[in-house]
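Understanding the architecture of this molecule
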Amino acid sequence: MSAEMSTNGAPKVGVYVCHCGINIAHTVDVNACTAFAASLPYVTVAREYKFMCSDPGQEIIQQDLRDGKINRVVVASCSPLMHEGTFRKATAVGGGNAFMFQMANIREHVSWVTLDKEMATDKAKALIAAAVSRVVHHAPLVRNRVPVHPDVMIVGGGIAGIHAALTMADAGKKVYLVEREPTIGGHMAKFDKTFPTLDCSACILTPKMSAVRSHPNITLWTYSEVAEVSGFVGNFKVKVRRKPRYVKEDQCVGCLDCIDACIYKTAKVPDEFNVGLSKRKPIYVPFPQATPLVAVIDPETCIEFKTHRCKKSCAEVCQKDAIDFTQTEQIAEVEVGSIILATGFKTFDATRIARYGYGKYANVYTSLEVERMVNAAGPTAGEVKLADGSKPKSVAIVHCVGSRDAHTNRYCSRVCCMYSLKLAHLLKERTEAEVYNFYIDMRTPGKGYEEFYDRLLQENVHFVRGRVAEISDWAMEKQEEGKLTIRVEDTLVGVVRRIPVDMVVLSVGLEPQADADDVRRKFNISCSHEGWFLERHPKLAPVSTFTDGVFLAGACQGPKDIPDSVAQAGAAAAEALALIDRGYVELEPNTAYSREELCSSCHTCVALCPYGAITFDTTKHAAVVNGALCKGCGTCVASCPSGALQQNLFTDEQIFEEIKGVLKYV
Amino acid sequence: MSDSTTPQNFEPRIVAFFCNWCTYTAADLAGTARMKYAANVRVIRTMCSGRFDPQFVFAAFREGADAVLLGGCHPGDCHYMEGNYKALRRFFLMRRFLESMGIERDRIRLEWIAASEGDKVQRTINDMTAAVRALGPLSMEKRALLHSADLSAAIDKPESRPAATKGGAA
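Conventions adopted
Residue numbers run consecutively from 1 along every chain, following the written order of its sequence. The order in which chains are written sets their letters, starting at A; the order in which ligands are written sets their numbers, starting at 1. The predicted origin of the model limits local features to residues at a pLDDT of at least 70 and limits the giving and counting of side-chain atom pairs to 80 or more, whereas totals for whole chains, interfaces and linings rest on all residues. Side-chain measures here rest on the full set of heavy atoms in the structure, leaving out hydrogens and waters. Note on conventions: DSSP H or I runs of at least 4 residues are helices, E runs of at least 2 residues are strands, and numbering of each starts at the N terminus. Partly exposed residues are those whose accessible area sits between 20% and 50% of the maximum for their type, while under 20% is buried and over 50% is exposed, using a 1.4 Å probe and protein chains only. Two residues form a contact once any of their heavy atoms are found within 4.5 Å. Here the Shrake-Rupley method, with its probe set to 1.4 Å, supplies the accessible areas, and only the displayed protein chains count as covering residues. Only four residue types enter the charge count, namely Lys and Arg as positive and Asp and Glu as negative; His and the chain termini do not. Lysine's charge is taken at NZ, arginine's at CZ, aspartate's at CG and glutamate's at CD. Paired strands are those between which DSSP finds at least two bridges. A fitted line through C-alpha atoms serves as each axis, taken over the contacting stretch for helices, and the angle formed by two N-to-C directions is quoted from 0 to 180°. Disulfides are defined as cysteine sulfur pairs within 2.5 Å. Simply put, the buried area is the total loss of 1.4 Å probe accessible area from both parts when two parts are fitted together. Salt bridge criterion: a side-chain nitrogen from Lys or Arg within 4 Å of a carboxyl oxygen from Asp or Glu. Polar contacts, as counted here, are pairs of nitrogen or oxygen atoms within 3.5 Å of one another; within protein the pair requires one atom able to donate a hydrogen and one able to accept it, and residues that are adjacent in sequence qualify only if both atoms are side-chain atoms. If you view the pair so one helix is near and one far, a crossing is left-handed when the near helix is turned anticlockwise from the far one by less than a right angle, and right-handed when it is turned clockwise. Residue polarity is assigned by list, with Asp, Glu, Lys and Arg as charged and Ala, Val, Leu, Ile, Met, Phe, Trp, Tyr, Cys and Pro as nonpolar; anything else, Gly included, falls into the polar class. Helix span, as expected, comes to 1.5 Å for every residue beyond the first. Here the arc refers to the directions that run from the helix axis out to each C-beta atom. Handedness of a crossover: with both strands directed away from the viewer, a clockwise path from the first strand across the helix to the second marks it as right-handed. Only residues whose relative accessible area exceeds 30% and that form no salt bridge enter a patch; like-charged residues are grouped when within 9 Å of one another, and nonpolar side chains (Val, Leu, Ile, Met, Phe, Trp, Tyr) when within 5 Å. Throughout, nonpolar core names a set of buried Ala, Val, Leu, Ile, Met, Phe, Trp, Tyr and Cys residues whose side chains join them through atoms within 4.5 Å.

1. Notes on the overall build of chain A
- Across its full length, chain A holds 19 helices and 34 strands.
- If you line up chain A on its principal axes, its C-alpha atoms span 90 × 65 × 40 Å.
- Taking all 666 residues of chain A together, 57% fall into the buried category.
- Restricting to contacts in chain A with at least 6 residues of sequence separation, those with at least 24 account for 69%.
- If you sum the accessible surface of chain A, you get close to 27600 Å²; carbon and sulfur atoms cover 51% of it.
- Charge-centre separation for chain A: the mean point of 75 positive side chains lies 1 Å from the mean point of 77 negative side chains.

2. Digging into the sheet that holds strand 1 (residues 13-18) of chain A
All names here are of chain A.
- In spatial order, the strands read 2-1-3-4; together these four strands make up an open sheet with parallel pairing. Taken across any chain shown, the strands that pair with only one partner, and hence form the sheet edges, are strand 2 (43-49) and strand 4 (101-105). Adjacent strand axes in the sheet meet at a mean angle of 15°, parallel and antiparallel pairs treated alike.
- Note: strand 1 against strand 2, six bridges, orientation parallel. Looking at the pairing, Val-13 lines up with Val-43 of strand 2.
- Relative to strand 4, helix 4 (residues 80-93) is tilted by about 150°, and along the sheet it contacts strand 3 (72-77) and strand 4.

3. Comments concerning the state of the cysteines
- Per the counting criterion, the structure on display carries two disulfides over all chains.
- Paired through a disulfide, Cys-22 of chain B and Cys-73 of chain B show a sulfur-sulfur distance of 2.4 Å. On the sign convention where negative is left-handed, the bridge of Cys-22 of chain B and Cys-73 of chain B, at about 100° about the S-S bond, is right-handed. Placement of the pair is Cys-22 of chain B in the loop between strand 1 (14-19) and helix 1 (23-32) and Cys-73 of chain B in the loop between strand 3 (67-72) and helix 3 (83-100), with a sequence separation of 51 residues. Of the two residues examined, Cys-22 of chain B and Cys-73 of chain B, each falls in the buried class.
- Cysteine Cys-33 of chain A shares no disulfide, and the gap to the nearest cysteine sulfur, in Cys-18 of chain A, comes to 12 Å.
- The structure places no disulfide on Cys-310 of chain A, whose sulfur is separated from the nearest cysteine sulfur, that of Cys-302 of chain A, by 6.0 Å.

4. Quick notes on the interface of chain A and chain B
- Each partner contributes to the interface: chain A provides 54 residues, whereas chain B provides 56 residues.
- When the area that chain A buries against chain B is broken down by residue, the three leading residues are His-109, Trp-112 and Leu-663 of chain A, summing to 14%.
- On inspection of chain A and its partner chain B, the count reaches four salt bridges.
- A salt bridge links Arg-521 of chain A to Asp-77 of chain B; the nearest nitrogen and oxygen atoms lie 2.9 Å apart.
- The tally of links between chain A and chain B comes to 21 residue pairs in polar contact (both at pLDDT 80 or more).
- At the level of elements, helix 4, helix 5 (107-111), helix 6 (117-135), helix 15 (516-522), helix 18 (635-639), strand 34 (645-647) and helix 19 (652-664) of chain A are the ones that each hand at least two residues to the side of chain A that touches chain B.
- Broken down by element, the residue count for the side of chain A that touches chain B peaks at eight residues, all from helix 19 of chain A.

5. Concerning the side chain of Asn-274 of chain A
All names here are of chain A.
- With respect to the secondary-structure elements, Asn-274 resides in the loop between strand 13 (269-270) and strand 14 (279-280).
- When its relative accessible area of 7% is taken as the criterion, Asn-274 is described as buried.
- For Asn-274, the contacting residues outside a window of four places in its chain are Arg-372, Gly-378 and Pro-379.

6. Describing the packing of helix 3 (residues 55-66) of chain A against helix 4 of chain A
Residues and elements named next belong to chain A.
- At their nearest, the axes of helix 3 and helix 4 sit 8 Å apart, and the two run at 35° to each other. Here helix 3 and helix 4 pass one another in a crossing that is right-handed. Across the interface between the two elements, Gln-58, Ile-61, Gln-62 and Leu-65 from helix 3 touch Thr-86, Phe-87, Ala-90, Thr-91 and Val-93 from helix 4.
- Here the residues of the contact of helix 3 with helix 4 sort into five nonpolar, four polar and no charged.

7. Regarding helix 3 of chain A
All names here are of chain A.
- Its twelve residues place the ends of helix 3 16 Å apart at the C-alpha level, agreeing with the 16 Å of an ideal helix rising 1.5 Å per residue.
- Residues Gly-57, Gln-58, Ile-61, Gln-62, Asp-64 and Leu-65 constitute the buried set of helix 3. Down the axis of helix 3, the smallest arc covering the buried residues is 160°, so these residues share one side.
- Buried positions along helix 3 lie against strand 1, strand 2, strand 3 and helix 4.
- Gly-68 occupies a position one or two residues after helix 3 and carries a positive phi of about 75°.

8. What to know about the pairing of strand 2 (residues 41-46) of chain B
Residues and elements named next belong to chain B.
- Within strand 2, six of the six residues are buried, which leaves it mostly tucked inside the rest of the structure.
- Of the two faces of strand 2, the one lined by Val-41, Val-43 and Arg-45 and the one lined by Arg-42, Ile-44 and Thr-46 are each fully buried.
- Summarising the sheet, strand 1 and strand 2 pair through six bridges and their orientation is parallel. By the bridge assignment, Phe-18 is partnered in strand 2 with Arg-45.
- In the classification by handedness, the crossover that spans strand 1, the intervening helix 1 and the parallel strand 2 is right-handed.

9. Quick look at the pattern of salt bridges
- Tallying each qualifying case throughout the model produces 54 salt bridges over all chains.
- Put simply, Glu-470 of chain A and Arg-487 of chain A hold a salt bridge, and the shortest N to O gap is 3.4 Å. You can see Glu-470 of chain A sitting in strand 24 (residues 468-472) and its partner Arg-487 of chain A sitting in strand 25 (residues 484-490), a full 17 residues away along the chain.
- Assessed through its relative accessible area of 30%, Glu-470 of chain A is described here as partly exposed.
- Take Arg-487 of chain A: its relative accessible area is 33%, and that puts it in the partly exposed class.
- One connected set of salt bridges, linked through shared partners, spans Glu-84, Arg-88, Arg-143, Arg-145, Glu-586 and Glu-588 of chain A together with Arg-45 of chain B.

10. Description of a nonpolar patch on the surface
- Together, Leu-492, Val-493 and Val-495 of chain A line one region of the surface with nonpolar side chains, adding up to about 290 Å² of accessible area.
- Turning to its location among the elements, Val-493 of chain A is positioned in the loop between strand 25 and strand 26 (495-501).

11. Some details on the nonpolar core
- Among the nonpolar cores identified, the biggest contains 81 residues, and Val-15, Ile-128 and Ile-659 of chain A together with Phe-17 and Leu-70 of chain B are the most heavily contacted of them.
- Among the elements that line this core, the one with the most residues is helix 6 of chain A, at ten residues.
- Residues in contact with Phe-17 of chain B, not counting those within four places in the same chain, are Ile-655 and Ile-659 of chain A together with Ile-44, Phe-52, Phe-56, Val-68, Leu-69, Leu-70 and Gly-71 of chain B.
- Ile-353, Val-364, Cys-416 and Val-464 of chain A belong to the second-largest nonpolar core, a separate cluster that totals 59 residues.

12. Remarks on helix 14 (residues 449-458) of chain A
All names here are of chain A.
- When helix 14 is considered as a whole, its buried residues turn out to be Tyr-449, Phe-452, Tyr-453 and Leu-456. Buried positions in helix 14, seen along its axis, are confined to an arc of 100° and lie on one side of it. The exposed residues of helix 14 that point more than 90 degrees off its buried face are Glu-451 and Gln-458.
- On its buried side, helix 14 packs onto helix 13 (416-431), strand 23 (462-465) and helix 16 (562-582).
- In the stretch just after helix 14, Asn-460 is the one whose phi turns positive, near 65°.

This is the structure we're talking about:
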């Protein structure tokens with residue numbers, strides 16, 4: 001280290017304290033901090049400036065470097081996770097080495113979290129002193145470049161995954177699209193119309209699904225799940241578990257003769273695609289436009305799998321010999337440079353709110369069930385029917401079921417107001433029933449959304465402001481007999497009302513997928529409190545994650561509607577394309593290295609490294625680190641009893657100096 | 001913190017080691033959300049809690065820290081797969097070692113704080129600051145000064161007796 005230091009001359013540290021407008025200066029005495037910095041050893045320049053990250057701010061650093069006044073830089077401003085890159089670059093542009101730089105976080109860790117100005121200033125001084133003590137021991141480093149594999153994997157075949165896949169494939173990139181259901185399409189395939197334009201959902205989605213199927217650059221793996229991810233940005237290795245469909249995908253032509261031939265003459269199994277409103281056979285396709293249009297056998301219900309004594313009429317009738325009861329799970333392994341997660345959401349389980357009677361009263365439906373019901377290709381061919389087959393004369397739509405509720409989910413699910421309005425319109429159109437919307441607040445921000453709300457007001461749909469207290473079949477008056485009564489406080493009038501209806505639609509909110517936690521662990525990313533995948537920065541990196549090369553699209557990141565999901569999918573594709581077209585990634589040079597002459601041959605580090613980057617060289621009698629495999633966690637360094645292992649940017653010396661600095665002065 | 005030698009004004013100095021991916025990010029989130037908390041904790045960032053060398057903790061105490069806080073990702077969430085498990089094992093080792101040196105176990109703490117848990121950073125720092133304030137300073141010199149301050153206060157006002165536990169008054 002000392003040899004490297006000498007190449008850079010005696011340490012001359014420049015300290016730059018940022019006001020960040022008033023974000024820092026309001027709480028921290030910037031002038032006092034600057035004067036304090038000037039008094040520290042090795043500090044040759046100490047300045048303060050309104051916005052260090054601005055061009056003039058960076059120019060101040062660069063000029064001092066060019067003038068030879070400094071050879072090390074400390075900027076006391078925001079978090080290094082925010083602007084470390086900016087100032088490293090400025091240091092390099094000024095002629096220094098980007099890594100002869102250290103940041104003191106006096107905004108996120110000081111001014112924004114401290115009330116007492118004197119204590120805030122003291123804490124800022126301590127952090128500045130720590131950075132100065134440390135940067136004196138920094139050494140020039142170079143970044144290694146590694147090539148980026150040009151292929152991309154997209155996980156989830158809903159509208160977000162489909163759009164990202166098509167964007168990437170149209171740009172000439174090879175895409176692996178992995179979907180766990182037997183078909184792509186996701187939730188959007190289940191909807192009848194989309195708000196606010198009332199476009200037919202299938203009409204705009206199915207062409208994109210077919211385009212995915214026929215695109216030469218897209219490898220579509222449905223009925224498949226990611227089993228394991230290893231590697232890092234630019235060079236991921238992904239293992240995909242391909243579940244057996246028991247129907248050969250390359251042989252099946254989608255004639256559906258096998259389904260007719262199944263020895264089950266009538267369908268008996270609840271149909272997942274129609275959310276249980278209809279039945280399917282053990283061999284089935286989820287819906288007529290399923291992509292790929294390939295049958296799948298459900299081994300849980302198929303007689304052959306249960307008894308091995310079925311006459312296998314499905315196989316007899318198949319002219320392509322596509323049915324194969326011996327199929328087994330396959331593991332496919334591919335290398336990709338980037339990954340886009342578009343794993344979507346699940347709807348709130350309405351049985352969790354018992355007082356709304358879902359699962360107890362036959363005529364209480366979830367919004368997703370009604371979506372299927374109003375869909376012409378759905379279980380009732382588009383007819384809205386009550387459990388007894390009659391048409392409802394009055395319908396209640398209950399908003400915020402599993403949203404904005406301290407007992408379930410505190411957040412707003414963003415789409416329910418608009419889809420409730422859409423369903424209100426469709427129900428009115430199909431049944432001419434009286435439709436009541438029970439809402440807390442109408443939330444209709446978006447292009448054409450408020451106008452759609454206005455339109456519904458004109459269509460004589462009733463709007464009652466208040467959260468529904470209870471839904472019951474207990475009649476207090478004659479008109480309530482045989483009906484479901486909504487009990488609600490109408491907060492605009494200030495009275496409790498009882499409104500009898502024939503049918504109730506619960507506008508269920510959006511929740512993270514049940515296995516979101518397992519999925520995020522596989523991809524080494526974080527989740528928010530609620531379980532949505534966490535973006536790197538809500539504004540500046542909204543589709544990136546804390547794992548480089550893994551991007552987010554659609555509702556897996558948080559509740560969003562179709563336009564937002566598609567826009568985000570485009571953004572994720574653009575980020576992945578930028579990575580691929582640059583062709584390389586520059587790695588943070590924070591890898592471990594071995595000072596072989598100090599190694600005592602204890603082998604402790606070899607077993608600790610989670611990446612197998614350390615081997616013991618028997619000729620040198622020392623542990624050696626493979627820099628290409630090391631990810632820079634520093635676990636080995638902390639374990640080395642002889643101090644032979646060190647980590648660039650986090651050497652023992654640098655951290656010990658930081659500890660001294662943070663405590664020595666204030 | 002210039003006047004940290006009267007019991008009322010004893011401001012503990014706590015050195016924290018936070019991993020880059022979870023706890024440091026959570027501390028940034030607490031800042032962005034403007035959550036106010038005690039100014040007594042000074043954070044040193046490492047890439048992973050696996051980098052927390054026990055010597056760092058001992059050095060912090062040697063250099064004058066009253067307590068040390070360690071923060072890493074929740075079990076199973078480590079950005080580097082299992083660095084936090086290493087930190088946990090070392091934590092037990094460090095605490096035993098410190099206890100055998102007469103340093104109270106409340107002066108070292110390990111917390112799992114995820115990137116989304118800004119509120120947990122606030123809570124942890126406030127809790128720990130209060131606990132360490134109640135313990136009083138670690139340095140014998142400062143304790144002696146505190147004790148003499150107590151005595152002179154008792155002499156000035158004979159009716160008020162020195163507190164049984166040092167520093168609890170703050």
